[in-house]
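Descriptive structure summary
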Amino acid sequence: MNIFEKWFGEKEITSANKARERLQLVLAHERTSNSFPFMDDLRRDMIEVLQKYLKVEDINIKADNSKELNIDLLEVEVSVGKNVKKNNKNRKANS
Amino acid sequence: MGTVITVTSGKGGVGKSTISANLAVGLADTLVKSEKKVVVLDFDIGLRNLDMILGLENRIVYNVIDVMEEKCKLSQALIKDRFSKNLYFLAASQVQDKTVLDTDKVKKLIDELREDFEFIIIDSPAGIESGFEHAILTADRAIVIAVPEISSVRDADRVIAIIDAKSLKAQMGDEVDKHIIINRIKPKLIEKGEMLSVQDVENILTLPLIGVIPDDEKIVNSTNTGEPIIRKRKTPSGDAIKNIVSRILGEEVPFMDLSSENRFKTFFKQWFN
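Nothing here was measured: the structure is a model prediction, and the numbers come from that model. Think of each chain on its own: its residues are numbered from 1, step by step along the sequence as written. Both sets of labels track the order of writing: A upward for chains, 1 upward for ligands. In view of the model being predicted, local features appear only for residues whose pLDDT reaches at least 70, and side-chain atom pairs are presented and counted only at 80 or more, with totals across whole chains, interfaces and linings using the full set of residues. The side-chain values count all of the structure's non-hydrogen atoms but skip hydrogen atoms and water molecules.

1. Remarks on the overall build of chain A
As a reminder of what qualifies: Note on conventions: DSSP H or I runs of at least 4 residues are helices, E runs of at least 2 residues are strands, and numbering of each starts at the N terminus. Only protein chains enter the calculation, and the probe is 1.4 Å; a residue is then buried if its accessible area is under 20% of its type maximum, exposed if over 50%, and partly exposed in between. It only takes one pair of heavy atoms within 4.5 Å for two residues to be counted as in contact.
Broken down by element type, chain A carries three helices and three strands. Its helices and strands in sequence order give chain A the pattern α-α-α-β-β-β, from N to C terminus. The burial tally for chain A puts 27% of its 95 residues in the buried class. Taking the intrachain contacts of chain A between residues at least 6 apart in sequence as the baseline, contacts between residues at least 24 apart amount to 21%.

Next up, the structure:
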């Protein structure tokens, strides 16, 4: 972190943080593919449909297996346009 | 007609994917003005990693197996790089099914790529099983990566011995153009006599050298962020790979004097002590 970032209180983004984030994303995706083997096909189909209407950069589908709910949850995150990271449209669908 | 360069090593963890990614970026950036294109293929079926080194892991829709099984067109599976507009990437599949790759399909895919791309870089999986055989099948050139350690040099020697036996080029009576890269060199250890020198490895493997890459801590950072190190200025490993790119393109570039940096440092140490 340089001194300016310290003064202005910006959050430190080290490359290790980036590595952690990227790994979490990729592993979440791959683990989901393991429990739902059709996931890649589903993702492809969704991209195809969404691209009719939007410029879709990326689609992430996460399975939520938390025991609190009595249902399996699939969370779909759609990135639209350029440099959109956190303000994605979130859609949830029950599987 | 494009040239197929297979990057292989026998032993895992010696830097095959990192070097493949960086060579591909380097070649693409050098050829950008002549409008020639470069593609890099991950052949490590079931254990893909090249995508993360290139920072393209979120863009994968189709992979190399989908193309071979004709689930999609080749053009749909080719992922365009974020920065180099003439660089493309074809991902390995994450599903481990070794039966899906077969010789004819690999040949067909590479023939198709040869028409469009000046260089086709294939990142081979570790080992000498079918994945390696498919990676080397269509190679015009092979770059064998070794680190100056006993197990790596031994495995590299094994691989060199079987490259020709597994390649189509050799079956046609020709020979695959083979070179070695010695990676992760630690000049200090070599000077202390605690690591095999470049000369040692070169003599043992009896293949011409195409590059020496010093051990570089900055590689970790570059893999963390998915930005190949060759794009960063003044990094020892990035500069070494730039030299290799020039040599692949036929230029004669002198080998990096890895000990000079060391001498420079000791000079300063003496001065300040």
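2. As for the overall build of chain B
Condition: Counted as positive: Lys and Arg. Counted as negative: Asp and Glu, with His and the chain ends omitted from the count. Positions of charges follow a simple convention, taking NZ of Lys, CZ of Arg, CG of Asp or CD of Glu.
Scanning chain B from N- to C-terminus turns up 13 helices and eight strands. Projected onto its principal axes, the C-alpha positions of chain B cover 65 × 40 × 35 Å. Within chain B, counting contacts between residues at least 6 apart in sequence, those at least 24 apart form 74% of the total. Once the 37 positive and 42 negative side-chain charges of chain B are each reduced to a mean point, those two points are 5 Å apart.

3. Re the pattern of salt bridges
For the record, the criterion: Throughout this description, the term salt bridge denotes a Lys or Arg side-chain nitrogen within 4 Å of a carboxyl oxygen of Asp or Glu.
Tallied over the full model, the rule gives 17 salt bridges over all chains. For B:Lys71, the salt bridge goes to B:Asp66, with nearest N and O atoms at 4.0 Å. Among the residues examined, B:Asp66 registers a relative accessible area of 4% and is labelled buried. Put simply, B:Lys166 and B:Glu133 hold a salt bridge, and the shortest N to O gap is 3.5 Å. In this pair, B:Lys166 sits in helix α7 (residues 150-166) while B:Glu133 sits in helix α6 (residues 130-137), placing the two residues 33 residues apart along the sequence. A residue is classified by how much of its surface remains accessible, and B:Lys166, at 31% relative accessible area, is partly exposed. Residues joined by salt bridges that share partners form a network here, namely A:Asp41, A:Arg44, B:Asp66 and B:Lys71.

4. Things to note about the sheet that holds strand β5 (residues 119-123) of chain B
Residues and elements named next belong to chain B. The test is simple: By definition, two strands form a pair when at least two bridges between them are found by DSSP. Fitted lines through C-alpha atoms serve as axes, helices being fitted only where they are in contact, and the angles separating the N-to-C directions of these axes extend from 0 to 180 degrees.
In space, the eight strands of this open sheet follow the order β3-β4-β2-β5-β1-β6-β7-β8, with mixed pairing throughout. In the strand order of this sheet, the two ends are held by β3 (79-80) and β8 (209-214), each with one partner. Relative to strand β7 (residues 177-185), strand β6 (residues 141-146) is paired through six bridges, and the arrangement is parallel. Along β7, the bridge assignment pairs Val144 with Ile180. Contacts from helix α10 (residues 198-205) reach β6, β7 and β8, with the element oriented near 150 degrees to β7. The strands touched by helix α12 (residues 236-248) are β1 (3-8), β5, β6, β7 and β8; relative to β8, the strand with the most contacts, the crossing angle is about 170 degrees.

5. Structural notes on the confidence of the model for chain B
Quick reminder of the rule: The pLDDT score gives, residue by residue, the confidence of the prediction method on a 0 to 100 scale.
Of all residues in chain B, 93% have pLDDT values of 70 or greater, and the mean over the chain is 92. Across the predicted assembly, pTM comes out at 0.82 and ipTM at 0.79.

6. Regarding the interface of chain A and chain B
Test applied: Put simply, buried area is how much 1.4 Å-probe accessible surface two parts lose in total, over both of them, once they are put together. Any pair of nitrogen or oxygen atoms within 3.5 Å is treated as a polar contact; in protein, a donor-acceptor pairing is required on top of that, and neighbouring residues in sequence qualify only through side-chain atoms on both sides.
The interface of chain A with chain B comprises 14 residues on the first partner and 17 residues on the second. The junction of chain A with chain B conceals about 1400 Å² of combined surface from both sides, 42% of it contributed by carbon and sulfur atoms. A per-residue breakdown of the area chain A buries against chain B is headed by A:Ser15, A:Arg22 and A:Arg44, which together make up 46% of the total. Scanning the region where chain A abuts chain B turns up two salt bridges. In this structure, the salt-bridge partner of A:Arg44 is B:Asp66, at a minimum N-O distance of 2.8 Å. Counting across the interface, chain A meets chain B through nine residue pairs in polar contact (both at pLDDT 80 or more).

7. Remarks on the side chain of B:Ser20
Residues and elements named next belong to chain B. Residue position: Ser20 is located in helix α1 (residues 16-31). With relative accessibility at 0%, the residue Ser20 sits in the buried group. Not counting the four nearest positions on each side in its chain, Ser20 is found in contact with Val7, Val40, Leu50, Ile121 and Asp123.

8. What to know about helix α3 (residues 39-50) of chain A
Note on helix geometry: an α-helix contains 3.6 residues per turn, so any two residues three or four positions apart are oriented the same way. Residue and element names in this part refer to chain A. Note the following rule: In a helix, the anticipated span is given by 1.5 Å times the number of residues less one. Summarising the geometry, the arc corresponds to the directions from the helix axis toward the C-beta atoms.
The first and last C-alpha atoms of α3 sit 16 Å apart over 12 residues, in line with the 16 Å expected at 1.5 Å per residue. Of all the positions in α3, only Met39, Arg43, Arg44, Met46, Ile47 and Leu50 are classed as buried. Taken end-on, α3 shows its buried residues confined to a sector of 165 degrees, consistent with a single buried face.

9. A word on the nonpolar core
Buried together is how nonpolar side chains tend to be arranged in soluble globular proteins. All names here are of chain B. Put simply, the test is: In this text, buried Ala, Val, Leu, Ile, Met, Phe, Trp, Tyr and Cys residues form a nonpolar core when linked through side-chain atoms within 4.5 Å.
By size, the foremost hydrophobic cluster in this structure holds 36 residues, and its most contacted members are Leu23, Val38, Phe89 and Ile248. The element contributing the most residues to this core is α1, with eight residues. If sequence neighbours within four positions are ignored, Leu23 has contacts with Val7, Ile143, Ile241, Ile244, Val245 and Ile248.

10. Describing the pairing of β1(B)
All names here are of chain B. Most of β1 is tucked away, with five of its six residues classed as buried. Inspection of the sheet shows β1 paired to β5 by five bridges, in the parallel sense. Paired with Thr3 across the strands is Phe119, a residue of β5. Across four bridges, the pairing between β1 and β6 is parallel. Opposite Thr8, over in β6, you have Val144 as the bridge partner.

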